[in-house]
Structure formats: structure tokens, C-alpha cells
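Each chain is listed here by its residues.
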Amino acid sequence: MTIKLRQEEQKELIGSIQRYFKENMEEPIGDLKAAMLLDFCVKVIGPSIYNQAVADAQAHMEAKVADLTVECYEDAVDYWKKK
């Protein structure tokens with residue numbers, strides 16, 4: 001699965017990379033190099049982050065589904081027990 005960023009999000013991230021370089025590195029980084037760095041990070045680091053996010057979401061959903069038996073359980077054939 002290829003991670004695809006929206007164009008507006010990509011522009012914001014490129015700007016963020018450029019700001020980081022301006023504030024933390026000796027030399028600023030241009031648009032092209034910042035875009036290339038972003039593309040590299042998305043291709044190399046992105047899948048690991050994406051997979052962890054999916055695993056976290058899956059664990060969360062599994063916990064919610066496990067709670068269904070507690071939250072939504074109703075005793076069957078208990079009409080006479082209540083009287």
C-alpha cells in the first residue's frame with residue numbers, strides 16, 4: 001500500500017521541514033530538497049508508522065468488541081425469575 005499525502009498537506013509538511021532546517025541546521029533547505037526528504041521519509045518511515053497505527057486501532061476495536069458481551073448482554077428466558 002502506497003501512502004499518498006494530499007497536496008495541501010504535502011505543502012505544509014515541506015514548509016515544516018524547511019522551518020526545522022532553518023531553526024536547527026546550519027543551512028536552510030530548498031523546496032526541492034525538502035520535498036525529496038519528505039518523499040523519502042514517507043516511503044521509508046511511513047509504512048512502519050502506518051502499520052503501528054493500524055495495530056493500535058485494531059487492538060482498540062478488539063477491546064471494544066470484547067466489551068460487547070458485558071455491555072450488551074441480556075439474560076435469556078428470565079421472565080419468571082424476575083417475578
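Quick summary incoming for the structure in this document. (Residues numbered from 1 in each chain as written. Predicted model: local features only at pLDDT ≥ 70, side-chain atom pairs only at ≥ 80, totals over all residues. Heavy atoms only, no water.)

### Observations concerning the overall build of the protein
Rules: Helix and strand labels come from DSSP, where a helix needs a run of H or I of at least four residues and a strand needs a run of E of at least two; each type is numbered from the N terminus. Burial classification: accessible surface area is computed with a 1.4 Å probe over protein chains only, and a residue below 20% of its type maximum counts as buried, one above 50% as exposed, and the rest as partly exposed. In short, Shrake-Rupley with a 1.4 Å probe defines the accessible areas, and a residue's cover is counted only from the protein chains shown.
Of the regular secondary structure elements, the protein holds 4 helices and 0 strands. Starting at the N terminus and ending at the C terminus, the protein contains elements arranged as α-α-α-α. Judged by the C-alpha coordinates and their principal axes, the protein covers about 80 × 25 × 20 Å. The buried share of the protein, taken over its 83 residues, is 10%. For the protein, the accessible area works out to roughly 7700 Å², and carbon and sulfur atoms hold 58% of it.

### Some points on the packing of helix α1 (residues 7–24) against helix α2 (residues 31–44)
Short version of the rule: A fitted line through C-alpha atoms serves as each axis, taken over the contacting stretch for helices, and the angle formed by two N-to-C directions is quoted from 0 to 180°. Geometric relationships in this document are graded by angle, where less than 35 degrees denotes roughly parallel, more than 145 denotes roughly antiparallel, 65 to 115 denotes roughly perpendicular, and other angles denote oblique. Working rule for contacts: check all heavy atoms of both residues, and any pair within 4.5 Å makes them a contact. The classification used treats Ala, Val, Leu, Ile, Met, Phe, Trp, Tyr, Cys and Pro as nonpolar, Asp, Glu, Lys and Arg as charged, and all other residues, Gly among them, as polar.
Contact pair α1 / α2: the axes reach a minimum separation of 9 Å and the direction vectors enclose 110 degrees. Compared by their axis directions, α1 and α2 come out roughly perpendicular. Along its contact with α1, which presents Gln10, Leu13, Ile14, Ile17, Gln18 and Phe21, the element α2 presents Asp31, Ala34, Ala35, Leu37 and Leu38. For the contact of α1 with α2, the residue count by class is 8 nonpolar, 2 polar and 1 charged.

### Quick look at a nonpolar patch on the surface
We count it as follows: In this scheme, patches are assembled from residues that exceed 30% relative accessible area and form no salt bridge. Like charges are connected within 9 Å, while nonpolar side chains (Val, Leu, Ile, Met, Phe, Trp, Tyr) are connected within 5 Å. Here, a salt bridge means any side-chain nitrogen of Lys or Arg that lies within 4 Å of a carboxyl oxygen of Asp or Glu.
Nonpolar side chains collect at one region of the surface, where Met1, Ile3, Tyr50 and Val54 lie side by side and expose about 410 Å² of accessible area between them. Here Tyr50 lies in helix α3 (residues 46–71).

### What to know about the layout of surface pockets
Short version of the rule: Here a cavity denotes grid points, spaced 1 Å and computed from the protein atoms alone, that fit a 1.4 Å probe unable to get out, and a pocket denotes an open set having protein on both sides within 12 Å along at least 5 of 7 lines; residues with an atom within 4 Å of a point are the lining. Grid points are joined across faces, edges and corners, and a volume is the space filled by probe spheres set on the points.
Of the volumes computed, that of the largest pocket is approximately 230 Å³. Lining the largest pocket we find Met1, Thr2, Ile3, Lys4, Leu5, Gln10, Ala35, Leu38, Asp39, Val42, Lys43 and Pro47. Of the residues that constitute the lining of the largest pocket, the class distribution is 7 nonpolar, 2 polar and 3 charged.

### A short note on the environment of Glu12
Take Glu12: it is sitting in helix α1. A relative accessible area of 62% means that Glu12 is categorised as exposed. Between the alpha carbons of Glu12 and Asp78 there is a distance of 60 Å; along the sequence they are 66 residues apart.

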